[in-house]
Amino acid sequence: MSSAQKYLKTKRTVPFDIYKIVVIMKSKRIFVISIIFSVGILLSAVPNISYGAESRILLSYEYLTAQKQSNPQANKELIEDARIDNYEYKYIVNPNYTYTLFTTHQVTLLTKQGLEDWQTAFSDYSANNQSLEVVDAYVVQPNGEKIQVSSNSIFTRSSPEYVPGFNNDKRLTVVFPKLMIGSQTFVKWKFTQNKPSEIDFSSYDNPNFWLETRRRSVEVDLPASLKLNWKKRGNYTVTDTQNGNRRIIKAVITNQPSRRPEAGMVSSLDFDSMFIFSNLDNLSDIGKTAWSKWQNKAIVTPEIQKLASQITGNTQGIEAARLIYNWVVQNIKYLF
């Protein structure tokens, strides 16, 4: 998982005063614009929306290796510690946007460092409205021997993201046995979203920047009556077909080489191949939905009204939104 993707899984507690300030912004006719500016904070701040555990189950398996590979001070020659043979993600979506996601990962380990980095696979989920299980997990040795992962090597603990009173996040971990150079690890997860997200049904996929990827695919199988937009950039091949009353969208990317990051390089999310889907049309939809869910949680006190007026002064529109956003960033401390 890239550093940008790591940000997606960060959960923060939103101070109560932010909600109050948002109410003031609405009274100054800049609410919609301000919500768009604040959407980055809200997506990472509010527990258990769709960009939380789902993103982690898609991406956490790659994180440690990606961080090591991204060090620009590493050996001058790019040495791959692992190769991604096949990553598959299949969503089976229900009429209310709940869904089951089957995730399959196959990785070949190429160096001693690769054995260390990829000895375990893990995924996080919210026990309040999601479930996760390991469908299958094994190792194929270079001589073809298949070693099944025992039940004793599959366990659930509290996630590092767990915050008592705010979420109930768990981490399911698989420990692969008897790894050697040339071993291929295999794990298949079944992730179930039991309650629709309060915001949206959205996600994205992009190839690992640091490791060779032979094949990677995302399939979304949903009722044809459900709304779902998608876009692609770069080398993904996308098909969008209908089979009876089901719509099947499939994005595939193959034979992506490993690449070495440059010093000071922007996130690969800004330029690399990507496939993204959402039942929303734009960011303002997120703002409208968020406001409809959370507006009754804010109480405007005279003190907050006075503070909002001091921050914005006579400014209106986007400039006022910037002033409030900057004030929040500079004066509100987040607890992790």
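Structure's up top.
In this report, the structure presented in the accompanying data block is examined. In this text, all values refer to a predicted model and were calculated from it rather than measured experimentally.

### A short note on the overall build of the chain
(1) Moving on: Looking only at helices and strands, the chain features nine helices and 14 strands.
(2) Moving on: Burial analysis of the chain (336 residues in total) assigns 51% to the buried set.
(3) Moving on: For the chain, contacts bridging at least 24 residues in sequence account for 78% of all contacts bridging at least 6.
(4) Moving on: Accessible area of the chain: about 16,200 Å², with a carbon and sulfur share of 51%.

### Points about the nonpolar core
(1) Moving on: Counting residues in hydrophobic clusters, the biggest one holds 41 residues, and the most contacted among them are Tyr91, Val93, Phe201 and Val220.
(2) Moving on: Examining the composition of this core, we find that six residues originate from one element, strand E1 (residues 82-93), more than from any other.
(3) Moving on: Setting aside residues no more than four positions away along its own chain, valine 220 makes contact with Tyr91, Val93, Phe201, Leu228, Arg247, Ile248, Ile249 and Phe277.

### Details of the pattern of salt bridges
(1) Moving on: The tally for this structure, following the rule as stated, stands at 12 salt bridges.
(2) Moving on: Residue glutamate 212 pairs with arginine 214 through a salt bridge whose shortest N-O separation is 3.6 Å.
(3) Moving on: Of the charged contacts in the structure, one is a salt bridge between aspartate 272 and arginine 259, with a shortest N-O distance of 2.9 Å. A residue pair is termed long-range when its members are at least 10 positions apart, and aspartate 272 in the loop between strand E13 (246-256) and strand E14 (274-278) and arginine 259 in the loop between E13 and E14 qualify at 13 residues. Across the pair, arginine 259 and aspartate 272 agree in class, each one buried.

Cut-off values and rules
Residues numbered from 1 in each chain as written. Predicted model: local features only at pLDDT ≥ 70, side-chain atom pairs only at ≥ 80, totals over all residues. Heavy atoms only, no water. Helix = DSSP H or I, 4+ residues; strand = E, 2+ residues; numbered from the N terminus. Buried < 20%, exposed > 50% of the residue type's maximum accessible area, 1.4 Å probe, protein only. Contact = heavy atoms within 4.5 Å. Areas by Shrake-Rupley, 256 points an atom, 1.4 Å probe, with all protein chains shown as cover. Core = buried A, V, L, I, M, F, W, Y, C linked by side-chain atoms within 4.5 Å. Salt bridge = Lys/Arg side-chain N within 4 Å of Asp/Glu carboxyl O.

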